[in-house]
Amino acid sequence: MYQVEMFSGFVVFVCCALHEVALAYPNGQISPSCSNMLPVHGAVSPNNGAAPFSVSASNTSYTAGDRITVTLQANSGFTFKGFLLQARTTTGDAIVGTFSVTDANTQGLPCNSVTNSAVCHKSSSKKSKVTAVWVAASGKGDVRFRVTFLQDYSTFWTRVESQTIQAISTDLCGKQKTCFSNPAGCDPSTSATCILMSIAPASGGGFAFEMSGSPGGGYVAVGFSDDTLMGNDDIYGCVLTSSGNIDVQRVFSSGRSISASLPLGNTVEYKSTSYTNGVIKCSFISRNNISTQARAATQQEFYLFLGYGPSESGNIGIHSKIPAISTGKVNILAFTVVGATNPSRLIHAHGALMLIAWMTTGSLGMICARYLKSAAKKPVLGKNLWFQAHMFLMVLSVIATIIAFILAFVSQMGWSGGAHPVLGCIVMVLSFFQPILALFRPAPNAKRRFIFNWGHSLNALVIKVLAVAAIFLGLQIMDTSSTKWMDKVMGGFLGWEALIYIVFEIHARVKTKDFSEEPTKGVKTEMFFFLIYTFGNLAFLIALLVGIGASDFNSN
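Just so you know, these numbers come straight off a predicted model, no measurement behind them.

A.B. asks: Help me get a handle on the pairing of strand β1 (residues 53-57), residues and values and all.
C.D. replies: Every regular strand shows the same layout, with side chains that alternate between the two sheet faces. A one-sided burial pattern is seen for β1, the buried positions being F53, V55 and A57 and the unburied ones S54 and S56. Where β1 and strand β3 (residues 67-74) come together, five bridges link them in antiparallel fashion. Within β3, the position partnered with F53 by the bridge is A74.

A.B. asks: Describe the environment of K377, listing the residues and the values that go with them.
C.D. replies: One can find K377 in the loop between α2 (344-371) and β26 (379-380). A residue is classified by how much of its surface remains accessible, and K377, at 53% relative accessible area, is exposed. C-alpha separation for the pair K377 and F387, spaced 10 residues apart in sequence, amounts to 8.5 Å. What K377 contacts, discounting residues up to four positions off in sequence, is N384 and L385.

A.B. asks: Hey, could you go over a nonpolar patch on the surface for me, with residue numbers and the actual values?
C.D. replies: Nonpolar side chains collect at one region of the surface, where V429, F432, F433, I436, L437, L439 and F440 lie side by side and expose about 730 Å² of accessible area between them. With respect to the helices, strands and loops of the structure, L439 is situated in the loop between α4 (419-438) and α5 (449-478).

A.B. asks: An account of the layout of surface pockets is needed here, citing residue identities and associated values.
C.D. replies: Empty space within the largest pocket amounts to approximately 1400 Å³. In this structure, the largest pocket is lined by 39 residues; those nearest its centre are A369, H390, N453, H456 and S457. Counting residues per element, the lining of the largest pocket draws most heavily on α5, which supplies 13 residues. Counted as a void, the second largest pocket has a volume near 500 Å³.

A.B. asks: Go over the nonpolar core, please, and point to the residues and values.
C.D. replies: Counting 43 residues, the largest nonpolar core has W358, M490 and L544 as its most contacted members. Elements with a contribution of two residues or more to this core: α2, α3 (385-410), α4, α5, α6 (485-512) and α7 (525-550). Looking at this core element by element, the count peaks at 12 residues for α2. With residues near it in sequence (within four places) discarded, W358 still touches S363, M394, S397, T401, V427, S431, I463, K464, A467 and I471. In terms of nonpolar packing, the next biggest core, distinct from the first, is built from 29 residues, I195, I199, Y236 and L306 among them.

A.B. asks: Describe the sheet that holds strand β5 (residues 98-100), with residues and values.
C.D. replies: Reading across from one edge, β1-β3-β8-β5 is the order of the four strands in this open sheet, with antiparallel pairing throughout. Both outer strands of the open sheet, β1 and β5, are each paired with one neighbouring strand and no more. Strand-to-strand twist across the sheet, computed as the mean angle between neighbouring axes with direction ignored, equals 30°. In the sheet, β3 pairs with strand β8 (residues 129-135) via seven bridges, with the strands oriented antiparallel. What sits directly across from V70, in β8, is A132.

A.B. asks: For the state of the cysteines, give the residues involved together with the corresponding values.
C.D. replies: A covalent bond between the sulfur atoms of two cysteines is what we call a disulfide. Summed over all chains, the structure comprises four disulfides. A sulfur-sulfur separation of 1.9 Å characterises the disulfide bridge that pairs C173 with C179. Judged by the torsion about the S-S bond (-80°), the C173/C179 disulfide is left-handed. Accessibility assignment for this pair places C173 and C179 in one class, buried. Each sulfur in the disulfide pair C186 and C194 lies 2.0 Å from the other. On the S-S bond that ties C186 to C194, the torsion sits near 70°, and the link is right-handed.

A.B. asks: Tell me what's going on with the side chain of T178, and back it up with residues and numbers.
C.D. replies: Within the secondary structure, T178 is located in strand β12 (residues 178-182). The exposure class of T178 is buried, given its relative accessible area of 0%. From its side chain, T178 meets the backbone nitrogen of F335 in a polar contact 3.1 Å long. Not counting residues within four places of it along the chain, the set of residues in contact with T178 comprises M197, S198, I199, V330, N331, I332, L333, A334, F335, T336 and V338.

Rules behind the numbers
- Residues numbered from 1 in each chain as written.
- Predicted model: local features only at pLDDT ≥ 70, side-chain atom pairs only at ≥ 80, totals over all residues.
- Heavy atoms only, no water.
- Buried < 20%, exposed > 50% of the residue type's maximum accessible area, 1.4 Å probe, protein only.
- Helix = DSSP H or I, 4+ residues; strand = E, 2+ residues; numbered from the N terminus.
- Pairing = 2+ DSSP bridges.
- Contact = heavy atoms within 4.5 Å.
- Patch = residues over 30% accessible without salt bridge, like charges linked within 9 Å, V, L, I, M, F, W, Y side chains within 5 Å.
- Areas by Shrake-Rupley, 256 points an atom, 1.4 Å probe, with all protein chains shown as cover.
- Salt bridge = Lys/Arg side-chain N within 4 Å of Asp/Glu carboxyl O.
- 1 Å grid on protein atoms, 1.4 Å probe; cavity = no way out; pocket = protein on both sides within 12 Å on 5 of 7 lines; lining within 4 Å.
- Points joined across faces, edges and corners; volume = space filled by probe spheres on them.
- Core = buried A, V, L, I, M, F, W, Y, C linked by side-chain atoms within 4.5 Å.
- Axes fitted to C-alpha atoms, helices over the stretch in contact; angles between N-to-C directions.
- Disulfide = S-S within 2.5 Å.
- Polar contact = N/O pair within 3.5 Å; in protein donor to acceptor, adjacent residues only side chain to side chain.

Set out below in structure tokens:
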């Protein structure tokens, strides 16, 4: 009997020993701990004191696809043998995202049957620091990184957590915050090209802002205005500095220019900022009134402008694309999803009309007047054919220019394009007066006719040069491609036009010296050159019109 009891005791001892060894998991295969993140160490309880270990993240906010470096660090003089790292939502405590294993001391763990949804130790060797990269998932809300650290078999700490990593998304838009995005309805948690701002009342007063956008860096900003015209607006922006940090700035736009940043003092509380994959993200609380000017301090309704662009010496600068503008005044505390006007369609039409006017109709009209006088002398309605064609084409050019000018200002483009609108206004004024002055031209045999001829030609040349310069600047605004191919096509057009003018000039000089004779019947040489130029001109025009139609300069 005694021997049986001894044997039974021995069996229990061996089983317990094997059980303890098996549950220690020195190789890190600790899937049974995925749910509660507790080591399966029998009756051993976690240490309730302050952990000599920490977990930190490289970002304080995220959107889908972001790669955030997570660092597990031991305090000086301490090491850990094992660990379990997960990303958990602050609401619902769900395991989210996946990890990319970058440290030789770590390995991925398939919690909830999701590969690499957690990271753990690979061996029981002593460690003072390990890193992993978390790949964010979409639509999961705010998260914290949570770690269980094992110093040894009987000493461990659980629920060691990082700061909150905020998800900038549209999940609570229309429910707990007012949101304005461009393109309309986009979500920065799923789209890297989405520009978003949200605003909500902050506890303790003031407003809680979130912003995401500015592909390529610079700044993303929201403006609060009394009208749909840019200027005299209060602006909040998140700006990428030369040191790579994100600064919150508050400015007032005076007229069409940006004033110096207003002091923030202690009225702005940073919650999170990041710059990842060329996208700025920030959230902050401002205790300031929205208005900095002589508006009612309690005013809550504004037109909203949402834009981005390059920073200027670390400050908010002129936006690179036309901002989205709310369709009406918005009560910023009403928890709404704001709709936006889309001025890009009007600007598309503006650009197309300017191209038609000064690449095609204007250019053809000028060639008619200079080189087709002898080749198109047939009378039509009492005037030579070349003159009727010249007048018709130039009137079309002026009409197209006037309409394009009106469209630009109806779309609230204003003076935001730098030199482009200035040149456009000069072209508009000169174009408007060109046909009016032509109505008062002297008779062909008048003594002062040469003054009109030179003045008329010189004005046309100035219009053409300024219009082409304005087109180049406008294409730089519209062309969002990485190759900037539209400017190159326009350059090709100028080369083509220069070639045709050279050919016409050579032909005209040869004819003047009677080195050749024109046929009395058939197609004149000038008309042949004119047709070739027309077809080439249309090819360049169509290419640029297609580019303008496909451009998304107001929606990325």
